[in-house]
Number of protein chains: 2
Amino acid sequence: MQTEAAFLRQPSTQLPGGLVPRRRPNADAIEVLGMAMPFARNSEIYGENEPAEYLYKVISGTVRTYKVLADGRRQIGAFHMPGDVFGFETGEEHTFSAEAITDCKIAVIKRTALMAVAERDNEVARYMLALTTRELQRAQAHMLLLIKSAQERVATFLLEMAERVSTRGTVELAMSRQDIADYLGLSIETVSRTLSRLGKTATIEVSSSRRIVLRDHSALSRLNS
Amino acid sequence: MQTEAAFLRQPSTQLPGGLVPRRRPNADAIEVLGMAMPFARNSEIYGENEPAEYLYKVISGTVRTYKVLADGRRQIGAFHMPGDVFGFETGEEHTFSAEAITDCKIAVIKRTALMAVAERDNEVARYMLALTTRELQRAQAHMLLLIKSAQERVATFLLEMAERVSTRGTVELAMSRQDIADYLGLSIETVSRTLSRLGKTATIEVSSSRRIVLRDHSALSRLNS
DNA sequence: CGACCATTTGATATGGATCAAGCGATGTGG
DNA sequence: CCACATCGCTTGATCCATATCAAATGGTCG
């Protein structure tokens, strides 16, 4: 049971409200349960409506979780990057599907095993709560995104990515324009045009389609609603 | 400490994944901590950025949680009705504001007190997790809502309300058209026109502006994306 | 009754979708 | 190693759903 707990070691970012569990003395020495499984680019990690047997932690690569509506529209709910835990967005069954955007290494743990630990180990239970709370906040922020204008959505997206993957203001995008469009609830053309326009106003520089330099961070922040 | 736990008695709906705590033998006999406080129509329950000191459970009435963007647009994140627990959508500070739509009675509990209980009582911790998970699912469903067409959004809204407050297909709406518009990310005029159109096609009947009869449930379901 | 507020309905404007074509990078087979 | 096919992206032209502006209607409460 200590092994499962180790899956949760080293949260990728600081959590609010003192919800980060105190590190137990020997936690760092414990092995992660479940190997880091490799997933190839574009392969499915899990599908909507599959039983939510496992939880996942990104070791390397980028993952998209998404849902396809009846008429084929796809909404991407989140991009997950190294350190992020995902797959616990639900009760019994996954309500979203997950795919590897790039080649990935993903640590996998049995949900039931973890819940069993949580039943005994309060620290684990509280950590699960913290993760879920953070995911809830992310979803709520995403909700707000979807009522903004195209420019605002793109600006918000760029700032979000900058926080997560930027090196001195340069953002390397793992995902295609189509992925971005489906994340932002826009068409691919609108995403492209908006990036071009931001380029023309020197707010950003589109070095290549996947490499974007944020030139005027504060202008983006102002656009961020 | 048993008193705080009682705040969580009787979840309003069934939870997935066996996450509902087993009822402890004497739980039903325990008093709810924190009086059922009255809130007048349109009064604030808490404000965005206030410290999230309390959790809330609706005893009677309807509550909206919302966020106002810089330019004044308002997005309503959720409507809360009797039995719903809200206010735990966040870490340290509320990210949304909450207001009473109608006169309300709301049970209030200190968050820190509850977290303290959760630290000892695993059942409570797991129940908190279940509540948060459900809220996450609600937020994700709301995300999907916001990429749909106006007709689909209104249909989804009506079906959602029907599940929560309908008496034999008749829905009594506690909220104004403006509230509905801000919940659905539409203008008030579009909401009104869409309801009128659904009325003309005999899918619903708008008895009065706040009373709507669902005539063709399956047509609505088909519109529900 | 009259004032006020919520709602509906109508006319027009517009942001982003859609349809369509061109372009550049990457990879493949001859 | 080059010609060509493919794929992802950009750019242009047009269309349409919904927003916005405006006015009429209806319902509620003093």
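Notes on the structure follow. Per chain, the residues get numbers from 1 upward, laid out in the order the sequence is written. As a convention, the first chain written is A and the first ligand written is 1, with the rest following in written order. Only residues with pLDDT of 70 or above have their local features reported here, since the model is predicted, and side-chain atom pairs are shown and tallied only from 80 upward, although totals for entire chains, interfaces and linings are computed over all residues. Side-chain measures here rest on the full set of heavy atoms in the structure, leaving out hydrogens and waters.

Bringing the packing of aromatic side chains into the picture now. Here the aromatic set is Phe, Tyr and Trp, taking the six-membered ring for Trp, and pairing holds for ring centres within 6.5 Å; pairs whose planes are under 30 degrees apart are stacked, those over 60 apart are edge-to-face, and all others are tilted. Summed over the entire model, instances satisfying the criterion amount to twelve aromatic pairs over all chains. Consider the rings of A:Phe79 and A:Tyr183, whose centres lie 4.8 Å apart with planes at 40°: the pair is tilted. Of this pair, A:Phe79 sits in strand β5 (residues 74-80) while A:Tyr183 sits in helix α5 (residues 177-184); the two residues are 104 residues apart in sequence, bridging distant segments of the chain. The classification of residues rests on relative accessible area computed with a 1.4 Å probe and restricted to protein chains. Under 20% of the type maximum is buried, over 50% is exposed, and intermediate values are partly exposed. Judged by relative accessible area, which is 1%, A:Phe79 ranks as buried. For A:Tyr183, a relative accessible area of 3% corresponds to the buried category. Each residue in the set A:Tyr46, A:Tyr56 and A:Phe86 is aromatic and connected to the rest through ring pairs, giving one cluster. Either the NZ atom of lysine or the CZ atom of arginine qualifies as a charge over a ring when it sits within 6 Å of the ring centre and within 35 degrees of the ring normal. The positively charged end of B:Arg74 is found above the aromatic ring belonging to B:Tyr66, 5.8 Å away from the centroid. Helical segments are the DSSP runs of H or I of at least four residues, strand segments are the runs of E of at least two, and each set is numbered from the N terminus.

We now examine the relation of the copies chain A and chain B. A least-squares fit on C-alpha atoms brings the copies together, and the residues used are those whose pLDDT is at least 70 in both copies. It takes a turn of 180° to lay chain A on chain B, together with a shift of 0.0 Å along the axis; the resulting RMSD is 0.0 Å. Taken together, the rotation angle and the small translation identify this as a two-fold axis. Two residues qualify as a contact provided that any one of their heavy atoms is within 4.5 Å of a heavy atom in the partner residue. Comparing interface residues between copies, 100% of those in chain A also lie at the interface in chain B; the contact surface is shared.

All names here are of chain B. Along strand β7 (residues 97-100), one buried face is formed by Ser97 and Glu99 and the opposite face, lined by Ala98 and Ala100, is buried too. When DSSP locates at least two bridges between a pair of strands, those strands are taken to pair. Relative to β7, strand β2 (residues 44-46) runs antiparallel, the two being bridged by two bridges. Bridging across to β7, Glu44 finds its partner in Glu99. In this sheet, β7 lies alongside strand β4 (residues 63-68) in antiparallel orientation, the contact comprising four bridges. Each residue of the ladder has a partner; that of Arg64, found in β7, is Glu99.

Residues and elements named next belong to chain B. Checked against the element boundaries, Glu99 lands in strand β7. Residues Glu99 and Ser218 lie 119 residues apart in sequence; the distance between their C-alpha atoms is 33 Å. Contact partners of Glu99, with chain neighbours within four places excluded, come to Asn42, Ser43, Glu44, Ile45, Thr62, Val63, Arg64 and Tyr66. Pairs of N or O atoms are called polar contacts if they sit within 3.5 Å, as long as, within protein, a hydrogen donor faces a hydrogen acceptor (for residues adjacent in sequence, only side-chain-to-side-chain pairs). Looking at Glu99, its side chain comes within polar contact range of the side chain of Tyr66, at 2.7 Å.

Quick look at the protein's contact with DNA strand C now. The full set close to DNA strand C counts 16 residues, and A:Thr190, B:Arg177, B:Ser192, B:Arg193 and B:Ser196 are the nearest of them. In this text, near means that some heavy atom of the residue lies within 4 Å of the molecule or strand in question. The protein-proximal atoms of DNA strand C, defined as those within 4 Å of the protein, are 59% sugar or phosphate. Here a base nitrogen of DNA strand C sits 2.7 Å away from a polar atom, N or O, in the side chain of B:Arg193. Here a phosphate oxygen of DNA strand C sits 2.5 Å away from a polar atom, N or O, in the side chain of B:Ser196. Every element with two or more residues in the surface near DNA strand C is listed here: α6 (188-200) of chain A together with α6 (188-200) of chain B. Broken down by element, the surface near DNA strand C gets its largest block of residues, four residues, from α6(B). The class makeup of the residues in the surface near DNA strand C is two nonpolar, eight polar and six charged. Put simply, Ala, Val, Leu, Ile, Met, Phe, Trp, Tyr, Cys and Pro go in the nonpolar bin, Asp, Glu, Lys and Arg in the charged bin, and everything else, Gly too, in the polar bin.

Opposite charge on two side chains makes pairing possible when the charged atoms of those side chains draw close. Whenever Lys or Arg places a side-chain nitrogen within 4 Å of a carboxyl oxygen from Asp or Glu, that contact is recorded as a salt bridge. For the structure on display, the rule yields 28 salt bridges over all chains. Close ionic contact of B:Glu152 with A:Arg73 constitutes a salt bridge, the shortest N to O distance being 3.3 Å. Within this pair, whereas B:Glu152 is found in helix α4 (residues 150-165), its partner A:Arg73 is found in the loop between β4 (63-68) and β5, the two belonging to separate chains. A relative accessible area of 13% means that B:Glu152 is categorised as buried. The class for A:Arg73 is partly exposed, based on a relative accessible area of 25%. For B:Glu135, the salt bridge goes to B:Arg138, with nearest N and O atoms at 3.5 Å. A residue pair is termed a helical-turn pair when its members lie 3 or 4 positions apart in one helix, as B:Glu135 and B:Arg138 do in helix α3 (residues 122-145) at three residues. A relative accessible area of 10% means that B:Glu135 is categorised as buried. A relative accessible area of 23% places B:Arg138 in the partly exposed class.

Here we take up the protein's contact with DNA strand D. Of all residues adjacent to DNA strand D, which total 16 residues, the nearest are A:Arg177, A:Arg193, A:Ser196, B:Ala150 and B:Thr190. For DNA strand D, the fraction of atoms within 4 Å of the protein that belong to sugar or phosphate moieties is 58%. In the model, a phosphate oxygen of DNA strand D is placed 2.7 Å from a nitrogen or oxygen of the A:Arg177 side chain. A:Arg193 is positioned with one of its side-chain polar atoms (N or O) 2.7 Å from a base nitrogen of DNA strand D. Elements that contribute at least two residues to the surface near DNA strand D include exactly α6 of chain A together with α6 of chain B. Considering every element that reaches the surface near DNA strand D, the biggest residue donor is α6(A), with four residues. Looking at the surface near DNA strand D, its residues break down into two nonpolar, eight polar and six charged.

Residue and element names in this part refer to chain B. The strand order across the open sheet formed by four strands is β9-β10-β12-β11, and the pairing between neighbours is antiparallel. The open sheet is flanked by β9 (166-167) and β11 (204-208), the only strands paired with a single partner. Here strand β10 (residues 170-172) pairs with strand β12 (residues 211-214) via three bridges, running antiparallel. Bridge pairing links Thr170 to Val213 in β12. Here an axis means a line fitted to C-alpha atoms, over the contact stretch when the element is a helix, while the angle between two N-to-C directions is reported on a 0 to 180 degree scale. Across the sheet, α4 lies against β9, β10, β11 and β12, angled at about 90° from β10, the strand it touches most.

These values are about where atoms sit, not about what they do.
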